[in-house]
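Below are the chains, spelled out letter by letter.
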Amino acid sequence: GSASGSGDGGTASGGADAGGAAGGASSSASGDVAERQRAAMSCIEGILSSEAHTSALPGAARAAAVGTITRAASSEDDVVARSAFAAMAGAVDNAYGALSDVIESWAMLTFQAVNNREGDVSTMAFEFWTSLAEKERDLAEDGDESLLGLCSSAVPYLSQLVTETMRRQPFEEAGDDEGYTDEDWNPSKAAAVLLVHLASCVGEPVVTAVMPSIREYLDSSDWRAQDAAAVAIGSLATAFADGGSPDSLAALVALAPRVAAWVIGQEGVASACVAVRDSAVWAIAMLLRASSDEGVMALALAVLGAARSDSTMRVRRRVMSLVDAVTKRLIAHLEEGGSADAAESTTEMLIALILEGVRAIVDAGPYEAAAPDLAAAGASVGELAVHVGRAEPMLAALVAQLEEATGPSKSDGGPQSPAVSAICVVLVGLVGSMDEADGTVAELLGRAARCAMRALAGADAGFAGFSDDEDAGTEDMILLVGNALSLVGGDHVPAAEVASFCETLASILARGRSAVTSVVLGVVGDLMRGGVATLAILEESGLLDSVSSTLQRCLEEENLECACLASTALGDIALAASESFADGEGGPDEALMLASRFAGMMCLSALVSAAVGSDDDEAVGDVFRAVFEGVSSLFMAVGTVDEIRQEQRPAADAFIRDIAAVIKTGMPRAVEFPEACKFVLNATYDGYVGLPECFNFAGTMVAADVSAWLTMASALVADDETAPTMIAGIREKLATA
């Protein structure tokens with residue numbers, strides 16, 4: 001600009017413009033570099049998170065990736081640094097053997113990140129060590145010689161880092177519930193989770209290392225220190241819930257009265273801090289799960305009595321975790337032959353606490369935050385109530401609450417979904433503990449099912465229905481109906497209401513809401529097996545078509561888990577419908593038509609082909625269970641057919657040919673998995689021995705192939721008591737086929 005010499009001031013302006021352009025280019029280039037760095041770290045994170053990708057890397061490339069992680073973890077760009085620590089966590093599983101060379105530098109990077117960074121970077125730094133602790137615990141349990149003991153070496157440093165971070169809670173304390181939710185994920189919580197896994201991995205040395213800090217925090221007047229002490233004690237107890245050093249557990253139990261005093265009150269005064277009281281209730285619950293000390297049980301009951309009347313919803317909600325722990329202790333006492341009389345009075349208090357918890361949600365909410373603890377506590381108290389003969393009054397109180405929440409009196413605003421869901425989630429636990437129902441209990445279950453049906457269908461005036469954000473509540477309503485009706489059958493619910501319920505389920509499936517699809521598919525089988533719904537109702541309501549469409553959609557989306565559930569539901573329907581033929585309500589033509597129809601609807605061939613081509617062992621097992629239990633169901637469905645008329649012969653041959661093809665496709669892959677092998681063996685036996693002779697199953701299979709497969713399979717199923725009988729039965733049929 002100055003070289004232009006125009007002298008009119010334009011040169012200065014021009015120079016400024018040029019400088020601005022150059023500055024913009026520099027900024028843009030810097031931005032491009034940052035984006036490339038982020039993309040590169042994202043790529044490395046993806047590679048190291050995959051066993052297949054990591055194992056495919058040449059040694060030099062793997063070393064280069066590890067070196068890049070080490071440099072990137074100290075990047076000032078939070079996205080790059082976070083990806084670096086995430087890649088470290090991936091390397092734990094897929095490059096564990098190389099960690100001994102870098103663990104010292106990675107430990108230093110962790111400490112720097114936790115002490116100097118905030119948010120996701122420091123949280124992910126803790127998650128790296130959590131992954132490492134989980135890995136080394138598993139290796140130790142398996143006696144794996146590749147164990148490096150990296151966590152043990154780091155205990156002196158990690159214990160200090162964990163306890164210091166646990167007292168850096170990111171929220172400001174107040175005397176109410178504001179500013180906090182259990183879902184907030186932060187470095188303080190990540191440190192507590194690491195403490196659980198570190199103690200589970202290393203054991204007593206961790207307790208020894210953190211105990212000085214815990215005692216210091218217990219003596220502090222700072223609420224953050226007190227909260228950290230309670231959370232640390234609860235975390236260590238969680239680690240030892242399935243066994244641990246008796247000395248370590250005794251040391252934690254000795255501190256329980258100090259923690260309980262923050263809730264019960266010391267000299268009549270409890271902690272003024274809601275966070276401390278909340279964490280103290282949780283810590284006592286965890287100690288009760290881990291220790292059989294009677295003193296802890298006495299403290300737990302005292303804490304329950306104080307916390308149930310706490311001024312804040314947050315602490316009253318936390319009571320449910322302690323209710324669950326107390327109840328499980330009482331159930332164990334009864335199962336060990338203890339006196340039921342001693343448990344009855346406590347059971348009454350626990351039932352009252354559950355009803356109070358439900359009422360609190362009905363009156364004030366929120367359902368989502370309270371649901372997990374309420375569900376666990378409700379199930380435990382329900383089981384205890386069944387043990388001591390108090391199930392009926394508990395059921396009656398809950399049904400009364402449910403009828404109030406869904407009744408016509410709510411027409412001014414309609415029943416709130418959280419209220420209905422809260423009651424249903426407890427009822428699901430109670431009903432799940434019952435083996436049978438008759439008389440008043442059966443009548444109450446029928447009323448509960450009808451309330452949940454109405455709520456689901458939105459039949460009550462003003463009921464707002466349910467949205468995609470309320471799937472958890474929807475699941476509980478569906479489960480309640482299914483569980484209740486499977487106990488009482490259709491005697492207590494009119495057929496018209498069952499048909500309406502089936503229409504609602506069909507509508508839910510049609511929306512493709514994956515969160516509730518599995519629950520709906522399970523309940524469909526319950527309805528048929530319990531004699532509540534008939535095949536005609538399922539067809540007229542559109543539910544049968546919806547299940548079939550769901551199966552097709554799941555196969556297209558390669559969602560094998562959901563496809564298995566849909567296929568199993570169809571098998572249940574076919575089997576339940578066929579039982580009416582055995583009672584003389586149909587004939588051989590109907591039985592064969594039913595089996596042939598469902599053989600096509602269940603997509604058995606497509607499912608087993610997908611499993612054969614999958615490298616996911618768990619998915620293969622699930623698919624084989626669904627497919628070959630389905631095959632057995634179809635064989636049972638035609639079990640009433642003694643002979644096949646000539647005009648029905650083509651249908652029978654097609655049916656057997658299709659099923660035989662499914663079995664033959666699955667046989668080679670089944671010998672890789674003992675469980676899958678058992679499912680195939682069962683179905684094969686049902687075909688050879690259980691299927692009526694008129695279907696000529698033996699003539700459809702190639703005897704030499706089946707015989708060779710039996711030889712391979714016999715070694716895999718040797719531990720199954722019924723396997724030798726089945727194999728002998730098949731071989732006998734092969735000899736005469």
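Predicted, not measured: the structure shown is a model, and the values here were computed from it.

The rules we used
- Residues numbered from 1 in each chain as written.
- Predicted model: local features only at pLDDT ≥ 70, side-chain atom pairs only at ≥ 80, totals over all residues.
- Heavy atoms only, no water.
- Helix = DSSP H or I, 4+ residues; strand = E, 2+ residues; numbered from the N terminus.
- Buried < 20%, exposed > 50% of the residue type's maximum accessible area, 1.4 Å probe, protein only.
- Areas by Shrake-Rupley, 256 points an atom, 1.4 Å probe, with all protein chains shown as cover.
- Expected span 1.5 Å × (residues − 1).
- Phe/Tyr/Trp six-rings, centres within 6.5 Å; stacked < 30°, edge-to-face > 60°.
- Lys NZ or Arg CZ within 6 Å of the ring centre and 35° of its normal.
- Axes fitted to C-alpha atoms, helices over the stretch in contact; angles between N-to-C directions.
- Parallel < 35°, antiparallel > 145°, perpendicular 65-115°, else oblique.
- Left-handed = near helix turned anticlockwise from the far one by under 90°.
- Contact = heavy atoms within 4.5 Å.
- Nonpolar A, V, L, I, M, F, W, Y, C, P; charged D, E, K, R; others polar.
- pLDDT = per-residue confidence, 0-100.
- Salt bridge = Lys/Arg side-chain N within 4 Å of Asp/Glu carboxyl O.
- Core = buried A, V, L, I, M, F, W, Y, C linked by side-chain atoms within 4.5 Å.

Okay, the overall build of the chain next. In terms of helices and strands, the chain carries 33 helices and zero strands. Relative to its full complement of 737 residues, the chain shows a buried share of 51%. Total accessible area computed for the chain in this model is approximately 31300 Å², and 50% of it derives from carbon and sulfur atoms.

This part takes up helix 28 (residues 617–637). Every α-helix carries 3.6 residues per turn, so stepping three or four residues along brings you back to the same face. Given a rise of 1.5 Å per residue, 21 residues ought to cover 30 Å, and the 30 Å separating the end C-alpha atoms of helix 28 matches this to within 8%. Of all 21 residues in helix 28, 15 are buried, a share of seventy percent or more.

Below, the discussion takes up the packing of aromatic side chains. Within this structure, the stated rule accounts for seven aromatic pairs. Centroid distance phenylalanine 111 to tyrosine 157: 6.4 Å. Interplanar angle 40 degrees. Geometry classified as tilted. Of this pair, phenylalanine 111 sits in helix 5 (residues 103–116) while tyrosine 157 is found in helix 7 (residues 150–166), placing the two residues 46 residues apart along the sequence. Note on phenylalanine 111: relative accessible area 16%, which makes it buried. We classify tyrosine 157 as exposed; its relative accessible area is 55%. Residues phenylalanine 624 and phenylalanine 628 carry aromatic rings whose centres are separated by 5.4 Å and whose planes lie at 50 degrees to one another, so their mutual orientation is tilted. In this pair, phenylalanine 624 and phenylalanine 628 both sit in helix 28, four residues apart, roughly one turn of the helix. An aromatic cluster is present here, built from Trp106, Phe128 and Trp129 joined pairwise through their rings. Lysine 135 extends its terminal NZ or CZ atom over the ring of tyrosine 96, reaching a point 5.8 Å from the ring centre.

At a minimum axis distance of 10 Å, the contact between helix 12 (residues 274–290) and helix 13 (residues 294–307) shows a crossing angle of 150 degrees. As summarised for this structure, helix 12 and helix 13 are arranged roughly antiparallel, according to the angle between their axes. For the element pair helix 12 and helix 13, the recorded crossing hand is left-handed. Between helix 12, through Val281, Ile284, Leu287 and Leu288, and helix 13, the contact on the second element is made entirely by Val296, Met297, Ala300, Val303 and Ala307.

Glancing now at the packing of helix 6 (residues 120–141) against helix 7. For the pair helix 6 and helix 7, the least separation of the axes is 12 Å and the interaxial angle reads 140 degrees. Relative to helix 7, the element helix 6 is oriented oblique. Crossing of helix 6 over helix 7 shows left-handed handedness. Side by side, helix 6 and helix 7 meet where Phe126, Trp129, Leu132, Ala133 and Glu136 of the first sit next to Leu150, Cys151, Ala154, Leu158, Leu161, Val162 and Thr165 of the second. When the residues that make up the contact of helix 6 with helix 7 are grouped by side-chain class, the tally is 10 nonpolar, one polar and one charged.

Further remarks concern the confidence of the model for the chain. Detailed reading of the predicted coordinates is not advisable wherever pLDDT falls low. With 86% of its residues at a pLDDT of 70 or more, the chain shows a mean pLDDT of 81. The lowest-confidence element of the chain is helix 1 (residues 10–48), averaging 61 in pLDDT; the highest-confidence one is helix 9 (residues 204–219), averaging 94. A low-confidence stretch, residues 1–27 stays under pLDDT 50, and its non-local contacts, those more than four residues away or across chains, total four contacts. Note on residues 411–416: pLDDT under 50 across the span, and 11 contacts to partners over four residues away in sequence or across chains.

Moving on, we come to the pattern of salt bridges. For the coordinates displayed, the defined rule picks out 23 salt bridges. For arginine 38, the salt bridge identified is with aspartate 77, shortest N-O distance 2.9 Å. Taken together, the residues span a long stretch of sequence, with arginine 38 in helix 1 and aspartate 77 in the loop between helix 3 (59–72) and helix 4 (78–94) at a distance of 39 residues. For arginine 38, a relative accessible area of 30% puts it in the partly exposed group. Residue classification places aspartate 77 among the buried residues on the basis of a relative accessible area of 15%. One salt bridge connects arginine 645 with glutamate 647, and the closest N-O pair in it is separated by 2.0 Å. Via salt bridges that share partners, Glu35, Arg38 and Asp77 belong to a single interconnected network.

Right, let's get into the environment of proline 205. With respect to the element layout, proline 205 can be found in helix 9. For the pair proline 205 and serine 248, spaced 43 residues apart in sequence, the C-alpha to C-alpha distance is 9.1 Å.

To continue, consider the environment of alanine 704. With respect to the element layout, alanine 704 can be found in helix 32 (residues 703–716). Taking relative accessible area as the criterion, alanine 704 reaches 57% and is therefore assigned exposed. Measuring from C-alpha to C-alpha, the distance between alanine 704 and leucine 734 comes to 8.8 Å, with 30 residues separating the pair along the chain.

Right, let's talk about the nonpolar core for a bit. One finds Phe598, Phe628 and Phe695 to be the most contacted residues of the largest nonpolar core, which totals 260 residues. Tallying contributions element by element places helix 12 first for this core, with 12 residues. Here phenylalanine 628 is in contact with Val608, Val662, Ile663, Gly666, Phe679, Val680 and Ala683, once residues within four sequence places are set aside.

Once that is clear, we can look at unusual backbone geometry. Of note, the phi angle at glutamate 558 is positive, near 60 degrees, even though the residue is not glycine. Its place among the elements puts glutamate 558 in the loop between helix 24 (543–556) and helix 25 (560–582). Classification of glutamate 558 as exposed rests on a relative accessible area of 70%. Not every positive phi belongs to a glycine, and cysteine 603 is a case in point at roughly 55 degrees. Looking at cysteine 603, the relative accessible area reads 12%, which means it is buried.

A word on the side chain of serine 321. Here serine 321 is to be found in helix 14 (residues 313–335). On the accessibility criterion, serine 321 (6% relative accessible area) is buried.

Bringing helix 11 (residues 246–264) into the picture now. Between its first and last C-alpha atoms helix 11 spans 27 Å; for 19 residues at 1.5 Å apiece the expected length is 27 Å, and the two agree. For helix 11, the set of buried residues is Ser248, Leu249, Leu252, Val253, Leu255, Ala256, Val259, Ala260, Ala261, Trp262 and Val263. Where helix 11 is buried, its residues meet helix 9, helix 10 (223–239), helix 12 and helix 13. Looking one or two residues beyond helix 11, the residue adopting positive phi is glycine 265, at roughly 110 degrees.

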